[in-house]
Structure formats: C-alpha cells, structure tokens
Amino acid sequence: MPALVTSCGGFFSMSTLLKRTLRRAVICCVGLAFVAIALGVSGVAARISTGRTASATAAATPSAPRTMFPLYARHPSGKLRSNEPKGTGGFKAAYELGGGFGDATAIVQANVSEAGKGNDIYHRMNGVLYYTAEHGNDTKVIGDGWDIYNLLVSVGNLGGSADVDLIARDAAGDLWLYRGEPDGTLSDRIRVGTGWNGLNALAGRGDYTGDGKADLLARTPDGTLLIYVGTGNATVDSVVGTRITVGTGWGGYKALVSTGDNDGDGKADLIASDPSGALWLFKGTGNPAAPFAPRMQIGTSGWADFDLLF
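Residues numbered from 1 in each chain as written. Predicted model: local features only at pLDDT ≥ 70, side-chain atom pairs only at ≥ 80, totals over all residues. Heavy atoms only, no water.

Peer 1: Describe the overall build of the chain, listing the residues and the values that go with them.
Peer 2: Each helix and strand in the chain was counted, giving three helices and 21 strands. Burial status across the chain gives 53% buried among its 310 residues. Taking contacts inside the chain between residues at least 6 apart in sequence as the whole, the part at least 24 apart equals 48%. Element-wise, carbon and sulfur atoms account for 54% of the exposed surface of the chain, whose accessible area totals about 12,900 Å². (Helix = DSSP H or I, 4+ residues; strand = E, 2+ residues; numbered from the N terminus. Buried < 20%, exposed > 50% of the residue type's maximum accessible area, 1.4 Å probe, protein only. Contact = heavy atoms within 4.5 Å. Areas by Shrake-Rupley, 256 points an atom, 1.4 Å probe, with all protein chains shown as cover.)

Peer 1: Outline the packing of aromatic side chains, supporting the account with residue identities and numerical values.
Peer 2: Per the counting criterion, the structure on display carries 12 aromatic pairs. Aromatic pair tyrosine 253 and phenylalanine 282: ring centres 5.9 Å apart, planes at 85 degrees, arrangement edge-to-face. Of this pair, tyrosine 253 sits in the loop between strand E16 (240-247) and strand E17 (255-257) while phenylalanine 282 sits in strand E19 (residues 279-282), and the two are 29 residues apart along the sequence. In this pair, the class of tyrosine 253 matches that of phenylalanine 282, namely buried. Through a chain of ring-to-ring contacts, the aromatic side chains of Tyr208, Trp250, Tyr253, Phe282 and Phe292 assemble into a single cluster. (Phe/Tyr/Trp six-rings, centres within 6.5 Å; stacked < 30°, edge-to-face > 60°.)

Peer 1: Before we move on, could you go through unusual backbone geometry and cite the residues and values that matter?
Peer 2: Non-glycine residue asparagine 126 carries a positive phi angle of around 55 degrees. When you line up the elements, asparagine 126 lands in the loop between strand E6 (120-125) and strand E7 (128-132). Since its relative accessible area comes to 67%, asparagine 126 is described here as exposed. The residue arginine 205 is not glycine, and still its phi comes out positive at about 70 degrees. The class for arginine 205 is buried, based on a relative accessible area of 8%.

Peer 1: Report on the sheet that holds E7, specifying residues and quantitative values.
Peer 2: If you walk across this open sheet you meet the four strands as E5-E6-E7-E8, and the pairing is antiparallel. The open sheet has two free edges, formed respectively by strand E5 (106-110) and strand E8 (139-143), since each of these has just one partner strand. Taking the axes of each pair of neighbouring strands and ignoring which way they run, one obtains an average angle of 25 degrees across the sheet. Two elements, E6 and E7, share five bridges in a ladder whose sense is antiparallel. Paired with arginine 124 across the strands is leucine 129, a residue of E7. (Pairing = 2+ DSSP bridges. Axes fitted to C-alpha atoms, helices over the stretch in contact; angles between N-to-C directions.)

Peer 1: Quick rundown of the pattern of salt bridges? Include the residues and the values.
Peer 2: Throughout the structure, instances matching the rule amount to three salt bridges. Close ionic contact of aspartate 307 with arginine 74 constitutes a salt bridge, the shortest N to O distance being 3.0 Å. Taken together, the residues span a long stretch of sequence, with aspartate 307 in the loop between strand E20 (296-299) and strand E21 (308-309) and arginine 74 in strand E2 (residues 71-74) at a distance of 233 residues. The class for arginine 74 is buried, based on a relative accessible area of 10%. Residue aspartate 263 is joined to lysine 283 by a salt bridge in which the shortest nitrogen-to-oxygen separation is 3.9 Å. Linking aspartate 263 in the loop between E17 and strand E18 (270-273) with lysine 283 in the loop between E19 and E20, this pair joins segments that are 20 residues apart in sequence. On the basis of relative accessibility, which here comes to 11%, the residue aspartate 263 falls in the buried class. (Salt bridge = Lys/Arg side-chain N within 4 Å of Asp/Glu carboxyl O.)

Peer 1: Before we move on, could you go through the sheet that holds strand E14 (residues 216-219) and cite the residues and values that matter?
Peer 2: On the basis of which strands lie adjacent, the open sheet formed by four strands has the order E13-E14-E15-E16 and antiparallel pairing. Of all the strands in the sheet, the pair left with one neighbour each is strand E13 (201-203) and E16. Here the strands of the sheet are splayed against their neighbours by 25 degrees on average, with no regard to which way each runs.

See the structure below:
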C-alpha cells in the first residue's frame, strides 16, 4: 500500500473544502432535479448544459501552466488521496483529501484555476457535473444531463485554446470535446469523431509526438495502444488527426493515466497500474516513432486497492 500522510499544509484546506462542498453539491443535485421536472426538460440535446453564460469570466492573464500533476486515487470507501510527484519519476507519500466521493460516477483532475496552476476537480453525481477549484470557497454546478456519457477524461489543451478541456464519450460511441473556460465552465461541445466505443481506455494531458500540441491516447480491446495526434483545432471531426500505433500488450494494465511530465524532463509521460497493485512509469520521448521508453516501476504494491486513478 502506498504510504499515507494524514496532514499537509495547503492540501489540508483542500480536504476541508472538498468535504464541505460535496455536501453542497448533493443539495444542488436535488434542487436541479426539481427544476428539471418543473420545466419539463426532455431530450438529450436539451438536457446537456455546460455552465457557460453570456457573462463568462474574461480570460486569465497568460502565464506558464503546470505540466507536472499529482496522481489522484479513489478508494472504494469514497476517500480521495493525492500523490505528489517527486519531480524525477514516481511519487511522494500520499495525502488524504477527504471522503464522500464513493457516489461520484466520474472524477477527473484539471489544472484550470490560478492561470493553469491549480489542481482542480470535476466530478459527476446523479447526472450533474460539478467543478471545485483547489483554492476557493465553493463548488460550482457546471450543468446537468451528463449521465449520457460513459467516459469522461481530462485531456489538457486539446482544442487549441488557453485552457484545459474535457473529453466525453456517449453510448453511441461519439466522442465530444468540451473546451475549458478560465472560470471552470465549459464551452458547447464539439464532436471529435464517431466509432469510439471500441476503445476501453482513454488518456491525455500531454504532447506525445513532439509537435507542441496535446494528443489523445487510446487502448483497443486487444491491448493495442494508439496515439491520436492532436491538431490543435476545435473543428468538428478534426480535433485529432493521424493515428499512430504505439504497440501491443497494453491490455494487462488495470488503468492508464497521464499526470503530465512526471519525471521533469519536459516530455509528457504515461502511468499504468497492473492487477497485482504495481505502478509503472512510461517516460515520454517526444518521438512519434517510439513515444515511450521502457517501463520503470514506481510503485510496488497497494495500487490495486483503488477503484479509480486520475
């Protein structure tokens, strides 16, 4: 089991915030359900909302966003842990972030606040998507209708804007891009493509080909890992372009997740957990012909105890 630190400076305030705001989120869920009934909302297109309004927050002052992120883990009990990167590969002892997340049907990490430097969370409960900044006073309701998606992934700046984006897949296999806004809200969705139901894992948050644009990683049921090269364009069916086959044998991993540049060499990496509880780091090379170096073990046991890594 990874080591656990039960208190820690700034993250203690985030723990308190998350526990408090989750309770508020549940109350908001109930309220939104009654509003939907009262208004007679129906149909998939009508129900999806993103929280964006005409008076959306102005863009933040440009600054260098973070490229190295913690690895968050959820235990089946609903508790979250943050594993901060060492900066040379692997993670420090874990921090407890609080409980109450057992009922969340999706949780993703995104560096939205503080001009791209915050470790923020989007989570879904009862079909409603919420956003919580690392340092702030409350959880924001992004919108309802998000239960039509069977997968949500944080993919960094895939759409070419200044803020990080989310990817969502629906039951029909259509993949959608939601471009992020500086206040945590999301712009209207843009279709990435169709036929994505045949993939059992998606990851991102980095440039894996060395062209300066964020890419999307995907795994097929037979264990083949693919890179869908990002175009940097938020255009229907053109968000990603060329597909690169990384290799086979990736089906043995329980989870694939990107925490950006884990080892601090300026290139995005990939992390995988196996069924035995070991954690592996695949260092990025930036070379599309061979995008990852041979794996390096960064965790020996205990990681199988978590039902979600993000």
